[in-house]
Protein chains: 4
Amino acid sequence: MKRVCIVGASGFTGGELLRILLQHSGVEVVCATSRKFKGEYVYRVHPNLRGFTQLKFVEPTIDAALKADVVFLALPHGESVKWVPQLYESGVAVFDLSADFRLKDPNAYVEWYKWPQPHPYPDLLAKAVYGQPELHREELVGARLVAVPGCMATASILMLAPLAKFGLISAPPVVDAKIGSSGAGAEGSVVDLHSFRTYVVRPYEPVHHRHIAEIEQELSRLAGKEVKVAFTPHAVDIVRGIFTTGHVFVEKMPTEADLWKYYRALFGDSKFIRIVKDRLGISRYPNVKYVLGSNLVDLGFELDARMKRVVTFAAIDNLVRGAAGQAVQAFNIAMGFPEDEGLRHIPVAPI
Amino acid sequence: MKRVCIVGASGFTGGELLRILLQHSGVEVVCATSRKFKGEYVYRVHPNLRGFTQLKFVEPTIDAALKADVVFLALPHGESVKWVPQLYESGVAVFDLSADFRLKDPNAYVEWYKWPQPHPYPDLLAKAVYGQPELHREELVGARLVAVPGCMATASILMLAPLAKFGLISAPPVVDAKIGSSGAGAEGSVVDLHSFRTYVVRPYEPVHHRHIAEIEQELSRLAGKEVKVAFTPHAVDIVRGIFTTGHVFVEKMPTEADLWKYYRALFGDSKFIRIVKDRLGISRYPNVKYVLGSNLVDLGFELDARMKRVVTFAAIDNLVRGAAGQAVQAFNIAMGFPEDEGLRHIPVAPI
Amino acid sequence: MKRVCIVGASGFTGGELLRILLQHSGVEVVCATSRKFKGEYVYRVHPNLRGFTQLKFVEPTIDAALKADVVFLALPHGESVKWVPQLYESGVAVFDLSADFRLKDPNAYVEWYKWPQPHPYPDLLAKAVYGQPELHREELVGARLVAVPGCMATASILMLAPLAKFGLISAPPVVDAKIGSSGAGAEGSVVDLHSFRTYVVRPYEPVHHRHIAEIEQELSRLAGKEVKVAFTPHAVDIVRGIFTTGHVFVEKMPTEADLWKYYRALFGDSKFIRIVKDRLGISRYPNVKYVLGSNLVDLGFELDARMKRVVTFAAIDNLVRGAAGQAVQAFNIAMGFPEDEGLRHIPVAPI
Amino acid sequence: MKRVCIVGASGFTGGELLRILLQHSGVEVVCATSRKFKGEYVYRVHPNLRGFTQLKFVEPTIDAALKADVVFLALPHGESVKWVPQLYESGVAVFDLSADFRLKDPNAYVEWYKWPQPHPYPDLLAKAVYGQPELHREELVGARLVAVPGCMATASILMLAPLAKFGLISAPPVVDAKIGSSGAGAEGSVVDLHSFRTYVVRPYEPVHHRHIAEIEQELSRLAGKEVKVAFTPHAVDIVRGIFTTGHVFVEKMPTEADLWKYYRALFGDSKFIRIVKDRLGISRYPNVKYVLGSNLVDLGFELDARMKRVVTFAAIDNLVRGAAGQAVQAFNIAMGFPEDEGLRHIPVAPI
């Protein structure tokens, strides 16, 4: 039984970690921190949890966290880096859901996260495992510092991984993403108000989104050469969910059988990845609608011979597979639990 | 291990039964019938189930159903009655999600369901248990014919039960209900199309909805006298969920403590009923948003001394607690499983 | 040509006033005030207006307002009262969209709006016209101080007015209202964020909402006796729109022909009120969906002989008929413009 | 005063034509046809029109249409071609909202619309004007046969036109589109039901959508060379609206000033095109939310120097600018009315 502390537990990611971990057979949640809500019942901030826990938020302090065996950091970018060194040195295992340990190049934080100087802990950076379980499963075993991938990065990387791995990427893929409002977090600005955020389709940081850095890092690693992506996310009128579309111009068209082979080679053994490319039925490609509430990744593709283009698709629940669920999956691997412990929810549909 | 057959498994209720029962530790789903989709993979009609079952729909026949120990009938009103007698006589336990065995008075089917004559099986009607677990738990133990309550009836009855039981209902309560589109089922008419069904608030069978009959039956039983209700449902722009508001003019105002006492007396031991009446937090009354995907019933109330009125509230997920979940809960009690087996989902929020 | 100033123009009501008045043939909008956005182009706060005006917000000052012939005050309750006396004395016509001059009883502000003392300007209160055009058309002619009704009050009053006028109200009606998020205004709290405000059905100030005061004032006036209402509003997942349901227990059931006669007697000459009670077609009762963007009021009713109940319905666009549109309609009558000038928009549907 | 007949008036496009033309100062709508609803009041199918017209649907016959001066054909692809020759020869002006006269190459109908043989009226095809007003304004003057562009084609062409015209397109642009449910029309299949169509983000005909043909035709014309596009549309959870994103890899990056110049050169004189690229305000790029109910086209762009990419954006209301509004705009030009007659609606927001 692992004693777990969630630091930054009042946000959406924190709420999902609680939803998952409260029913994880190998976990006892011993603390949930929130500066803003300290002393308050957790269920008053996460009303879905009413009746499932009597936990109260506590002040976020290193001391509180050190009482746990494992800490999940659900903090803003730039905050986690203040917590990780001491926790790590104290022997606590850390699953960091921020970006602070995702990029291997210390200088990348200057470019992508506007840090005034390179990452201050390059040694820890080197030790941190990029926690995408399907692509880093072996490194995760026993890991004590895991950088959980970004939500849009997760979908983008997984849908393109087979193409990168099997040499189909010659020109930079276009990745056009669509994301729900929960990605903006539980403390919003005026444009996140219901009246302003409904009925939108609009771009969002259309040419320099920070997830590009980790997408390129992972795809380059898989391809064995530098891969760059032209990435543009859009806000759409849903709360949960990310859909990414990859437009990949290829030198030589693969066959459909090739693509099936490549996707299966990478993901055939995964409990969470479904390849959705069907000839029949009401849902023949991935669709955000059919992954909600689950840790699944639905991947798909289509061939456009006319344009020498492969189109790839991914649909995930951004709060589960894009954050809390993927973190728990990585935790399960690291700690020796079954990979899907606490994560066996069938998606809720229709919703 | 119970062998279960779901008859009428291609609709939303059938889909939810599958979602729940596929992860029920004491159940093996041995058949799922659909006339329309026979021979087709279940996951092609319920895309959320892809990867969780390789079951195919089969033709709905008594013979198929008789191979199971337990049959869930998710058929339209007027269809179940053709199945129940033979199944029942063959010793199969039947959980009927239609209205065909809910009303104790055989003549009520003429009035409320426009049957040309009274119910043809009054003996079976007498044996059938009205399967609302919190109010009929003892009758359910060992039951072999269970009439699972209607969705809007469930919310209406539960929110008013304490008032009926403890003598507060003197004049007919007004019950104003709000319901999502999934209540109309998976085969819709033009007004159920997305373009027509979004952005609606409109009444729906505003004075003679069929659920009135079971609401009055149950409240009268609890009150020990005839109780009639003025019931008006409305369509609102959600897929899942029912919210009911009960406006009860009382002869003598109870105190808030009285009401807490009455609600706790009836539901204090329930694993699924939350009384939501809080002074703090972001959700101080029931809200459809915080029960989605779960079998929970959120009940609440408020006192209006100025008008000598008690206002009561209920929020449920119509597909879970209003249909499939309540059916499984009744099944668990009948069969001796833990009452919440397969039903421990924490609601998914925000969504 | 009237020179108009909109005070408090950065909110939703201000935005709608601009949308309507920018295309009103008899109006020149000479100022739009906003403390928060002064100096900013109006279209940067109301992006739908881009290309339709080059107006910039100015500091809200009496001096700025005095340059206009007519001032629309779209200010919070308790703010308008600081502006009205000086504007009124200076000869400017004032259309106040707050509640500050709606209630005729100066003491009512203590009870319903928690003012520390009665209304400080009882003389002005006596002069103010309650600006619901269909019920106060004659008083509005030439009026210089108009209190524009509240949004939920408008729907509630209009749907019940014929019953009040023609003696059908003996017991207090139950009014169950459903409202969109724009009613909360353009500056929200956390529960107004998209992620929190989608997929809700929940009560909102369920027993003591402030609009009760004006509903009772108007219905009592029409009935010639005191009428009280049991009013409970609910938040539903739309941005625009209010739907009200009135449950009226009557001593003697009217016929359907009676009701048609009563509704036509009051509203038969109105350009904006549609009585929606149809035997055929896809929309046989009022529905928020079919009034969006317009100043229409859709009214309907149904008879429940079993319960001796008349059910009444109203659907309006809260920002148009519940605020800006009704204000302009009152302005048109007061100033001698055609009553529908600037208000001839056909509802946009489907949306 | 033009006498107008709308053939196929029961669909969404027909409804929008009615909404617009009923308030057009130069038009009398003399007939609206519908096979399915003949004899029925138009407002029973388009409830927003209740009170604005007493018109009834009539059987769709050439004779009925010939009584008008102008006919709008809102028929399915493949149907219009049966009507146009006789109407045209009889001297009636025809505005065809189907695809039947959009493509100049008679053989293209075999490839893109699966016609068994080339277009049977190549002479009429040659005479038909592709009715995108901003790009064919001069040809439209006096035109008697106008092929109104497709909805997604309109957005795609307009956002890329300046790049095509000014030589920036060297490689095939990726066009990633997002569209609401109304694009599927008023008679849907099961996947168009509310319960199935909410909460979706999913691709839709991802590699061979028929609008590609007209997009390539128009861009090639503007560029003076063949331009091909890699086009993939997606269904998102809105009713109205199209958003298109163009990803254009360029040989040499233009400056921002260049792009402003190119967009202004083509569209600076348009009453309906807004270039939305702002440094301040709550909406700095195009957004479906801010064009609803209007004939506007919001265009925008962003520069991605890192990738040598120009990203372009367009947002339109698919039923207005993507169909009925653009048809009326073309009609206005053809007939000598002011180009914006009947089309001056300011977008309704928030909604």
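To be clear, the structure that these remarks concern was listed above.
Everything numeric here is computed off the predicted structure, so don't read it as measured data. (Residues numbered from 1 in each chain as written. Chains lettered and ligands numbered in written order. Predicted model: local features only at pLDDT ≥ 70, side-chain atom pairs only at ≥ 80, totals over all residues. Heavy atoms only, no water.)

Novice: Quick question: what am I supposed to make of the sheet that holds strand β9 (residues 230-236) of chain A here?
Specialist: Residue and element names in this part refer to chain A. The strand order across the open sheet formed by 7 strands is β8-β9-β7-β10-β13-β12-β11, and the pairing between neighbours is mixed. The sheet is open, and its two edges are formed by β8 (201-203) and β11 (273-275), each paired on a single side. Between one strand axis and the next, the sheet turns by 20 degrees as a mean value, whatever way the strands run. Summarising the sheet, β11 and strand β12 (residues 297-304) pair through 3 bridges and their orientation is parallel. Looking at the pairing, Ile 273 lines up with Val 297 of β12. Packing of helix α11 (residues 256-267) onto the sheet brings it into contact with β11, β12 and β13 (309-316), and relative to β12 it is tilted by some 160 degrees. (Pairing = 2+ DSSP bridges. Helix = DSSP H or I, 4+ residues; strand = E, 2+ residues; numbered from the N terminus. Axes fitted to C-alpha atoms, helices over the stretch in contact; angles between N-to-C directions. Contact = heavy atoms within 4.5 Å.)

Novice: How do you make sense of the interface of chain D and chain A when you look at a structure like this?
Specialist: Listed per partner, the contact involves 53 residues of chain D and 53 residues of chain A. Taken together, both faces of the contact between chain D and chain A bury some 4,400 Å²; the carbon and sulfur share is 66%. When the buried surface of chain D facing chain A is broken down by residue, Tyr 199, Val 201 and Arg 306 of chain D rank first, second and third, together holding 20% of it. The interface formed by chain D and chain A holds 4 salt bridges in total. As a salt-bridge pair, Asp 176 of chain A and Lys 178 of chain D come within 3.0 Å of each other at their nearest N and O atoms. Per element, the largest residue contribution to the side of chain D that touches chain A is 5 residues, and it comes from strand β9 (residues 230-236) of chain D. Each residue belonging to the side of chain D that touches chain A can be placed in one class, and the counts come to 33 nonpolar, 7 polar and 13 charged. (Buried area = accessible area lost by both parts, 1.4 Å probe. Salt bridge = Lys/Arg side-chain N within 4 Å of Asp/Glu carboxyl O. Nonpolar A, V, L, I, M, F, W, Y, C, P; charged D, E, K, R; others polar.)

Novice: Would you take a moment to explain the interface of chain C and chain D for this structure?
Specialist: Many structure descriptions define interface size as the accessible area lost when the parts assemble. At the interface, 38 residues of chain C touch 38 residues of chain D. Of the roughly 3,400 Å² buried where chain C meets chain D, counting both sides, 63% is carbon and sulfur surface. Of all residues in chain C, the largest losses of buried area upon contact with chain D belong to Arg 44, Arg 50 and Ile 346 of chain C, amounting jointly to 22% of the total for that side. Along the contact surface separating chain C from chain D lie 4 salt bridges. The residue Arg 50 of chain C makes a salt bridge to Asp 278 of chain D at a minimum N-O spacing of 3.2 Å. The tally of links between chain C and chain D comes to 20 residue pairs in polar contact (both at pLDDT 80 or more). Mapped onto the side of chain C that touches chain D, the elements with two or more residues apiece are α1 (12-21), α2 (42-45) and β11 (273-275) of chain C. Broken down by class, the residue content of the side of chain C that touches chain D amounts to 22 nonpolar, 6 polar and 10 charged. (Polar contact = N/O pair within 3.5 Å; in protein donor to acceptor, adjacent residues only side chain to side chain.)

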